[in-house]
Amino acid sequence: MNRELWEKAVAFHGHECPGLAIGFKACQAAAEKMGVGVSDDEKIVCVTENDACGVDAIQALLSCTIGKGNLLYRDTGKQAFSFFDRTSGKKLRVCLKPGKNKDMDRTQWKRYLLNAPVEEIFSFSEPKFDLPERARLFNTVVCELCGEGAPEQKIHLQDGKKVCADCFKRYSRGW
Ligand SMILES: [Zn+2]
Ligand SMILES: [Zn+2]
């Protein structure tokens with residue numbers, strides 16, 4: 001394993017843990033299977049299926065971030081990450097094989113993850129979904145209830161008024 005990269009991920013995340021090791025190995029899998037490099041800023045898009053520790057390794061090592069639009073969250077709760085290379089068109093989904101940590105404590109599990117070949121840790125497949133189109137700019141609409149601005153595709157119509165997601169939910173949930 002690459003010590004330097006692991007330490008970079010740990011520094012970003014704030015602690016060492018098995019979850020971070022999963023994300024670290026997912027990056028390694030992307031590097032090995034797709035030829036993705038650490039410096040391939042902006043051309044790699046990651047779709048993560050969980051918001052756990054591992055995502056931090058992907059942010060630290062592949063520069064995928066929510067703000068840049070190349071880190072997308074698709075909540076299935078699975079330890080699965082899909083990588084898309086915008087330049088080459090290559091794509092790969094890696095998913096943690098279940099049950100591997102059965103007889104291991106956290107320290108053993110982390111050590112195992114860091115040292116095992118990626119083929120042992122993950123199953124690989126083609127992502128079954130495509131990337132959404134890149135974010136477009138929408139007009140801002142002022143909510144008629146709270147007065148805050150929101151992009152028009154997030155605005156709801158309620159009793160003939162244009163309302164934001166907050167006001168719409170509050171109303172429909174009876175708050
Ligand atoms: Zn952690
Ligand atoms: Zn509102």
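Here, every reference points to the structure presented above.
So, here's what we can say about the structure. Note that the structure is predicted; figures quoted are calculated from it, not measured.

Rules and cut-offs
Residues numbered from 1 in each chain as written. Chains lettered and ligands numbered in written order. Predicted model: local features only at pLDDT ≥ 70, side-chain atom pairs only at ≥ 80, totals over all residues. Heavy atoms only, no water. Axes fitted to C-alpha atoms, helices over the stretch in contact; angles between N-to-C directions. Helix = DSSP H or I, 4+ residues; strand = E, 2+ residues; numbered from the N terminus. Parallel < 35°, antiparallel > 145°, perpendicular 65-115°, else oblique. Left-handed = near helix turned anticlockwise from the far one by under 90°. Contact = heavy atoms within 4.5 Å. Nonpolar A, V, L, I, M, F, W, Y, C, P; charged D, E, K, R; others polar. Donors = N, O, S within 2.8 Å, 3.2 Å for Na, K, Ca; no water. Tetrahedral: all angles 85-135°; square planar, octahedral: opposite > 155°, others 65-115°. Buried < 20%, exposed > 50% of the residue type's maximum accessible area, 1.4 Å probe, protein only. Lys, Arg positive; Asp, Glu negative; His and termini not counted. Salt bridge = Lys/Arg side-chain N within 4 Å of Asp/Glu carboxyl O. Polar contact = N/O pair within 3.5 Å; in protein donor to acceptor, adjacent residues only side chain to side chain. Pairing = 2+ DSSP bridges.

Moving on to the packing of helix H2 (residues 18-34) against helix H3 (residues 54-62). For the pair H2 and H3, the least separation of the axes is 6 Å and the interaxial angle reads 45°. What the angle tells us is that H2 and H3 run oblique. Once H2 is placed against H3, the crossing between them reads as right-handed. Between H2, through Gly-19, Leu-20, Gly-23, Phe-24 and Cys-27, and H3, the contact on the second element is made entirely by Gly-54, Asp-56, Ala-57, Ile-58, Leu-61 and Leu-62. Each residue belonging to the contact of H2 with H3 can be placed in one class, and the counts come to seven nonpolar, three polar and one charged.

Coordination of the zinc ion (ligand 2) by the protein comes from Cys-143 (SG), Cys-146 (SG), Cys-164 (SG) and Cys-167 (SG), over a distance range of 2.3 to 2.4 Å. Each of the four donor atoms around the zinc ion (ligand 2) contributes to a set of angles spanning 105 to 113°, which defines the coordination as tetrahedral. Sequence spacing of the donors to the zinc ion (ligand 2): C-x2-C-x17-C-x2-C. Highlighted residues: Cys-143 in the loop between strand S6 (140-142) and strand S7 (149-151) and Cys-164 in the loop between strand S9 (161-163) and helix H6 (165-172), separated in sequence by 21 residues.

With respect to the helices and strands, Asp-56 occurs in helix H3. For the buried Asp-56, no salt bridge exists, and the shortest N-O distance to an oppositely charged side chain is 13 Å, to Arg-106. A distance of 2.9 Å separates a polar atom in the side chain of Asp-56 from a polar atom in the side chain of Gln-59. Once you skip the residues sitting within four places of it in the chain, Asp-56 turns out to touch Phe-12, His-13 and Leu-20.

Looking now at the sheet that holds strand S1 (residues 44-48). Strand order in the open sheet formed by five strands is S2-S1-S3-S4-S5, and the pairing between neighbours is mixed. Two strands close off the open sheet at either side, each with one partner strand: strand S2 (71-73) and strand S5 (122-125). The average undirected angle you get between the axes of adjacent strands in this sheet is 20°. Alignment of S1 against strand S3 (residues 80-85), held across five bridges, turns out to be antiparallel. Residue pairing in the sheet places Cys-46 in a bridge with Phe-83 of S3. Along the sheet face, H3 touches S1, S2 and S3 and points at about 20° away from the line of S3.

Time to look at the pairing of strand S4 (residues 91-96). Burial analysis of S4 places five of its six residues in the buried class, which makes it a mostly covered element. Bridging between S3 and S4 involves five bridges; their strand directions are antiparallel. Each residue of the ladder has a partner; that of Ala-80, found in S4, is Cys-95. With antiparallel pairing between neighbouring strands as the criterion, S3 and S4 make up a hairpin whose turn holds five residues, including Gly-89 at a positive phi of roughly 80°. Relative to S5, S4 runs antiparallel, the two sharing four bridges. Opposite Cys-95, over in S5, you have Ser-123 as the bridge partner.

Attention shifts here to the coordination of the zinc ion (ligand 1). A four-donor tetrahedral metal ideally has 109.5 degree angles, and a six-donor octahedral metal ideally has angles of 90 or 180 degrees. Taken together, His-13 (NE2), His-15 (NE2), Cys-17 (SG) and Cys-53 (SG) make up the full set of protein donors to the zinc ion (ligand 1), lying 2.1 to 2.3 Å away. Coordination at the zinc ion (ligand 1) comes from four donor atoms whose angles at the metal span 90 to 139°, giving a geometry best classed as irregular. The class for Cys-17 is buried, based on a relative accessible area of 2%.

This brings us to the pattern of salt bridges. Should their charged atoms come close, side chains of opposite charge can pair. If you walk through the whole model with that rule in mind, you get seven salt bridges. The residue Lys-33 makes a salt bridge to Glu-119 at a minimum N-O spacing of 2.8 Å. Separated by 86 residues along the polypeptide, Lys-33 in helix H2 and Glu-119 in helix H5 (residues 118-121) bring together distant segments of the chain. Shared partners join several salt bridges into a network, and the residues in it are Glu-49, Arg-74 and Arg-93.

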